[in-house]
Amino acid sequence: MKHFLFSILFAGFVAANPLSLFAQAKYQYKIDLTKATDYTLQVELLTPKINRPSIEYFFPAIVPGTYSISDYGRFVHNLKAFDKTGKELTVEHKNVNSWKIDHAQELYKITYAVEDTWHTKISENAIYPMGGTNIELNKQYVINTPGFFGYFDKLEKLPFDVEFQKPVDFYGSTALTPSISTKTTDLFQLKNVHELYDSPIMYCKPDTVSVNLGSTQVLVSVFSPDNQVKAAVLAKKMANLLTATQTYLGGKLPVKKYAFLYSFNDEVNPKAVMGALEHSCSSFYAFPQINEAKVKSIVVDMSAHEFFHIITPLAIGSKEIREFNYQQPILSKHLWLYEGSTEYDAHHVQVKAGITTAPQFFSALTSKIIASKKKFKDTLAFTVMSKEVATTYADQYPNVYLKGALINACLDIYLLHLSKGRYGLMELKHDLGIKFGGGKYFEDDQLFDEIAALSFPEIKDFLNKYVAGKTPIPYTEFFALAGVSYHDYFKREVASIGNISITSLGGGKVSIVNASNVDAFGKAMQYKLMDEIVQINDVTVNSDNYAEVIGTVKRKIKQGDMLTVVVRRKNDAGEMKELKLSAPVSSLREKEEERYKMLLMEESELSPSQRLVRNAWLRNNCY
């Protein structure tokens, strides 16, 4: 009876204090940032209880989003293991990322030093700075967590406590919420190694701005030693993008807090490398110092891409993503979805919101077509390339941002075509997120069937042919479904407007710069050298649109049509005056050659289906 009563009391004690019996059933890390020396920090780990005679302690060889071997263990030095009495245990450094510890039942503490990757002299297979680490005493600490914290074999799912001692005036920018935060200490508690490796932190003197998007808090944090870039300015430049993204995703973001962590630091090694790495609730950006004029063109587009990773693969992923193997590069076949759709979304959201114009959007797509066809293997199956992108096809990886985005552009158009404008790529990803979000995953070999079940059988044929197959995508055919004309090369006869050379001379002005070979129609128009073109057939001309306006006029006018051109020309007094030049078009024709051209078809040329798809694809944009 006494034994029974003790059992009840014991059970009650455990229920009230669930961690009391297993106080060491977690990792307890400590780092003192104030004691950095020579770009190195000491790390201490109070280990979870080990019930094996020996155990291996790992640092990751590869982490999600990098698609390359990093071998973070290269930067770990002098690793030692101790029991509770301080007695040193035997440690064998088995390979670059693995240490075997004997008498592991007695293990209590591990200590080691971490060298940062931005200043390292290790040049072979350098870690890209956006996934690397920086340790600069009282200046900046870039804590990409795979570079600081290891894990034990088969104990990846235990919780982690990570404690930082920090300089008094420093702030740790992250998407994490600390359990304890004082002027000198932060304690973060994480569910497992996957959450730990998914959570970068940047410590420096704070320059942060917080923006609320519905129920989501967005943190913009900047480190810029010379204050060339400020968080408030960057947040303002990104405001339209963030609002547009919220609308694009149906009005609600799938995270409660998101952190953009920007480092503009010339200590990046090598300085020529810059970029970003995505995480579930944050993204880290490594740049050299740049001025604000370059921020919008470089940073905003990149931020859009990384932000969309909250959908793929961080909300929709395969088993290879969800149960990531940090030691072996076992990759998914579907980079076309993870990176490709994200890159496409980053451009598409901007054109749909009117942040960019349709011609600018087409220019981005066309540039991707040109680079993809010229630099990479167009007949290499994308699924095969993805599976072996860290090894055999490492040189093909940049194509995920080129052809990967184009696959998704064509898929989006095709879905809208089949659904009569009602169901596109974003709707498909929404449905995939419902089915495979919340920690669930799909099997790599079954994704095409899952997509077909959610959309149309024809989509499986598309994916098998152009993603899993070797057939190049017929871009002309798919863009035509949206009322967009595209061709790699085209040669045709068009009407002459006088055989004159027109170009922009700056300041938005467009002028005739060569009239030496003017034809009979040009003579009838009475053009003169350095005439400034103001209007052509009532369409105002400027440096941004003159080529498109002239091309359209050449293609549309017929013999006998009246061409009217308004020019500004100096009179005898040297004053610029507007003149209207006009003449009926003669039968003269000239050859027009175009390469890699994408433009909207005329409204009068569209079928009802094309008009429907184009409105759905580019709606909200004034094209």
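Refer to the structure printed above.
The structure presented is a predicted model; accordingly, all values stated were derived computationally and were not measured.

## A look at the side chain of T66
And then number 1: Here T66 lies in the loop between β3 (54-58) and β4 (76-82).
And then number 2: A polar contact of 2.7 Å, which involves the side chain of T66, links it to the backbone oxygen of V63.

## A short note on the side chain of S199
And then number 1: Position of S199 among the secondary structure elements: in the loop between α2 (193-197) and β16 (201-204).
And then number 2: Among the polar contacts made by the side chain of S199, one reaches the main-chain carbonyl oxygen of E195 at a distance of 2.6 Å.
And then number 3: Other than its neighbours up to four places away in sequence, S199 contacts I143, T145, L176, L190 and H279.

## A closer look at the nonpolar core
And then number 1: Core analysis: the largest hydrophobic core is formed by 146 residues, its most contacted members being Y57, F152, Y262, W336, F479 and W617.
And then number 2: The element that contributes the greatest number of residues to this core is helix α9 (residues 403-418), accounting for 10 residues.
And then number 3: Sequence-distant contacts of W336, that is, excluding residues within four places in its chain, are made with S341, F382, S386, G404, I407, N408, L411, L447, F448, I451, L463 and V467.
And then number 4: Judged by nonpolar contacts, the second largest core, of 23 residues, contains A495, F521, Y546 and I550.

## A word on a nonpolar patch on the surface
And then number 1: Residues L505, V513, L529 and M530 make up a contiguous nonpolar surface patch of roughly 360 Å² in combined accessible area.
And then number 2: By secondary structure assignment, the location of M530 is in the loop between α14 (520-525) and β25 (532-536).
And then number 3: For M530, a relative accessible area of 45% gives the class partly exposed.

## Here's the deal with the sheet that holds β3
And then number 1: As summarised here, the arrangement of the four strands in space is β6-β7-β3-β11, forming an open sheet in which the pairing is antiparallel. Edge positions in the open sheet fall to β6 (91-95) and β11 (151-152), since each of these has one partner strand only.
And then number 2: Two strands pair when backbone bridges link them, and β3 and β11 are joined in this way by two bridges, in the antiparallel orientation. Each bridged residue has a counterpart across the sheet, and for Y57 the counterpart in β11 is F152.

Calculation rules
Residues numbered from 1 in each chain as written. Predicted model: local features only at pLDDT ≥ 70, side-chain atom pairs only at ≥ 80, totals over all residues. Heavy atoms only, no water. Helix = DSSP H or I, 4+ residues; strand = E, 2+ residues; numbered from the N terminus. Polar contact = N/O pair within 3.5 Å; in protein donor to acceptor, adjacent residues only side chain to side chain. Contact = heavy atoms within 4.5 Å. Core = buried A, V, L, I, M, F, W, Y, C linked by side-chain atoms within 4.5 Å. Buried < 20%, exposed > 50% of the residue type's maximum accessible area, 1.4 Å probe, protein only. Patch = residues over 30% accessible without salt bridge, like charges linked within 9 Å, V, L, I, M, F, W, Y side chains within 5 Å. Areas by Shrake-Rupley, 256 points an atom, 1.4 Å probe, with all protein chains shown as cover. Salt bridge = Lys/Arg side-chain N within 4 Å of Asp/Glu carboxyl O. Pairing = 2+ DSSP bridges.

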